[in-house]
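Observations on the model geometry
What follows is the residue order along each chain.
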Amino acid sequence: MFRGCYGGSTKHQADLNIVLDRAWQHGLQKLIVTSGCVSDVDEALELVAKDGKLFTTVGTHPTRCGEFVAEPEQYYNELRSRIKANPQKVVAVGECGLDYDRLHFCAKEIQQQYFEKQLSLAEEFKLPLFLHMRNANEDFMAILERNRDKLKACGGGVVHSFTGTLEEAKSILAFGGLYIGLNGCSLKTDENVEVVRQLPNDRIMLETDCPWCGIRPTHASHKHVTTKFPTVKKKEKWTAETLIDGRNEPCQITQVLEAIAGIKQEPKEKLAELYYQNTEDLFFRKTK
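Quick caveat, the model's predicted, so the values are computed rather than measured.

Criteria and thresholds
Residues numbered from 1 in each chain as written. Predicted model: local features only at pLDDT ≥ 70, side-chain atom pairs only at ≥ 80, totals over all residues. Heavy atoms only, no water. Phe/Tyr/Trp six-rings, centres within 6.5 Å; stacked < 30°, edge-to-face > 60°. Helix = DSSP H or I, 4+ residues; strand = E, 2+ residues; numbered from the N terminus. Buried < 20%, exposed > 50% of the residue type's maximum accessible area, 1.4 Å probe, protein only. Lys NZ or Arg CZ within 6 Å of the ring centre and 35° of its normal. Expected span 1.5 Å × (residues − 1). Polar contact = N/O pair within 3.5 Å; in protein donor to acceptor, adjacent residues only side chain to side chain. Contact = heavy atoms within 4.5 Å. Core = buried A, V, L, I, M, F, W, Y, C linked by side-chain atoms within 4.5 Å. UniProt positions renumbered as here; feature names shortened; annotations may be inferred. Axes fitted to C-alpha atoms, helices over the stretch in contact; angles between N-to-C directions. Parallel < 35°, antiparallel > 145°, perpendicular 65-115°, else oblique. Left-handed = near helix turned anticlockwise from the far one by under 90°. Nonpolar A, V, L, I, M, F, W, Y, C, P; charged D, E, K, R; others polar.

1. Some words on the packing of aromatic side chains
Within this structure, the stated rule accounts for four aromatic pairs. Judged by centre distance (4.5 Å) and plane angle (5 degrees), the rings of Phe 68 and Tyr 114 are stacked. With Phe 68 in the loop between strand 4 (54-58) and helix 3 (72-85) and Tyr 114 in helix 4 (residues 108-125), this residue pair connects regions lying 46 residues apart in the sequence. You'll find Phe 68 and Tyr 114 in the same group, each marked buried. Taken together, Phe 68, Tyr 75 and Tyr 114 form an aromatic cluster joined through their ring pairs. Above the plane of the ring of Tyr 179 lies Arg 203, whose end atom (NZ or CZ) is 4.0 Å from the centre.

2. Quick notes on helix 10 (residues 268-283)
An α-helical turn contains 3.6 residues, so a residue and the one three or four places further along point in the same direction. Over its 16 residues, helix 10 runs 22 Å from end to end, which matches the ideal 22 Å to within 8%, given 1.5 Å per residue. For helix 10, every residue scored as buried is listed here: Leu 271, Tyr 275, Asn 278, Thr 279, Glu 280, Leu 282 and Phe 283.

3. Focus: the side chain of Thr 60
The residue Thr 60 is located in the loop between strand 4 and helix 3 in this model. A polar atom in the side chain of Thr 60 sits 3.5 Å from the side chain of Tyr 75. Contact partners of Thr 60, with chain neighbours within four places excluded, come to Gly 36, Cys 37, Cys 65, Phe 68, Tyr 75, Leu 79, Glu 95, Cys 96 and Gln 118.

4. Focus on the nonpolar core
It is characteristic of soluble globular proteins that their nonpolar side chains tend to be buried jointly. If you look at the biggest cluster of nonpolar residues, it comprises 69 residues, and the most contacted ones within it are Phe 115, Leu 129, Phe 140 and Phe 162. Those residues in contact with Phe 162, other than ones at most four positions away along the chain, are Met 133, Glu 168, Ala 169, Ile 172, Ile 180, Gly 181, Leu 182, Ser 186 and Val 195. Counting residues in hydrophobic clusters, the runner-up holds 10 residues, among them Val 91, Phe 130, Val 158 and Met 205.

5. Some remarks on the UniProt feature "binding site: a divalent metal cation 2" (unreviewed entry) in the chain
UniProt feature "binding site: a divalent metal cation 2" (unreviewed entry): in the numbering of this structure it lies at His 132 and His 160. A maximum C-alpha distance of 5.9 Å among these annotated residues, which run over 29 residues, shows that they cluster at one spot. When you line up the elements, His 132 lands in strand 6 (residues 129-134). A relative accessible area of 4% places His 132 in the buried class. Beyond its immediate chain neighbours, meaning those up to four positions away, His 132 contacts His 61, Pro 62, Glu 95, Cys 96, Gly 97, Leu 98, Asp 99, Arg 102, Phe 140 and His 160. Examined against the element boundaries, His 160 turns out to sit in the loop between strand 7 (157-159) and helix 7 (166-175). Filtering out sequence-adjacent residues up to four positions away, His 160 remains in contact with Glu 95, Phe 130, Leu 131, His 132, Gly 181, Glu 207 and Asp 209. At 2.7 Å, the side chain of His 160 and the side chain of Glu 95 are in polar contact.

6. What about the UniProt feature "binding site: a divalent metal cation 1" (unreviewed entry) in the chain?
Under the feature "binding site: a divalent metal cation 1" (unreviewed entry), the UniProt entry names Glu 95 and Asp 209. A maximum C-alpha distance of 11.4 Å is found for the annotated residues, which run over 115 residues; spatially they form one tight group. Its place among the elements puts Glu 95 in strand 5 (residues 90-99). Residue Glu 95 is classed as buried on the basis of its relative accessible area of 8%. When residues no more than four places from it in sequence are discounted, the contact partners of Glu 95 are Thr 34, Ser 35, Thr 57, Gly 59, Thr 60, His 61, Pro 62, Phe 130, His 132 and His 160. At a separation of 2.7 Å, a polar atom in the side chain of Glu 95 contacts the side chain of His 132. What makes Asp 209 partly exposed here is its relative accessible area of 21%. Those residues in contact with Asp 209 that lie beyond four places of it in its chain are His 160, Ser 161 and Asn 183.

7. With respect to the packing of helix 3 against helix 4
Contact pair helix 3 / helix 4: the axes reach a minimum separation of 11 Å and the direction vectors enclose 30 degrees. Classified by the interaxial angle, the pair formed by helix 3 and helix 4 is roughly parallel. Between helix 3 and helix 4 lies a crossing whose hand is right-handed. Judged by residue contacts, Pro 72, Glu 73, Tyr 76, Leu 79, Arg 80, Ile 83 and Lys 84 of helix 3 engage Tyr 114, Lys 117, Gln 118, Ser 120, Leu 121, Glu 124 and Phe 125 from helix 4. Of the residues in the contact of helix 3 with helix 4, the class split is seven nonpolar, two polar and five charged.

8. Section: helix 4
Relative to the 26 Å expected for 18 residues at 1.5 Å per residue, helix 4 spans 27 Å between its end C-alpha atoms, a close match to the ideal helical length. Along helix 4, the residues classified as buried are Gln 111, Tyr 114, Phe 115, Gln 118, Leu 119, Leu 121, Ala 122 and Phe 125. Residues of helix 4 that are buried sit in contact with helix 3, strand 5, strand 6, helix 5 (137-146) and helix 6 (148-154). Backbone geometry just after helix 4 places Lys 126 at a positive phi near 55 degrees.

Printed below as a string of structure tokens:
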């Protein structure tokens, strides 16, 4: 989408550099590109090499774990080699985990097997985990529990784009060393809002998951958003000064902050500092 391509059709010129410039102008200090398979990793590494403020994860998304099956050790070693060769740019292992909402992409058993295998990467390189969990909390927590020693070595992780129940959130927090990542998808419903209201600030991280997961006008949290961006609905009407409706950008992390500040009735400046420090503590502690 940041190349101007939607569903295989080009609608406007590539604008990733403009999107990144807009992010820095709105106060972002660093940006983590999320990878979901080996080919993602290679593209991400090429991108983040161009800017000292850009970093990436290395891992395989649960819906892509079928890529392990043909040559499991070779595929694992391809991930491993990317981490080993880029210690200054790779800040986490992931995106990895379980997704039972999209089993048509990859069966449960394969997801479980190769989620667990990737935990060895986190242990070896002492990297935190960028975790994905959809409708799979019991199995997800069971895998983490039986690999607790590996997680101690890696320093924990974040369960990103959280949309689960309060009970699921409590199980994640009770495990120890895990944060909960929140974006627009975490703030859709009244139930989501109530969960977020009860999360402790020292365990929260903000994210966009762009180009997905923006806060939409129909979301229960939208009433708390105060920062508005000039936006066009038709992609062909793109300009360098406008966002495209439905394509989330890194700068819109400001809106996630405002929504959570409104939900919790706390100053956004205070929360921004807390959540930024949480992210620093997990992903960038080795660079300090």
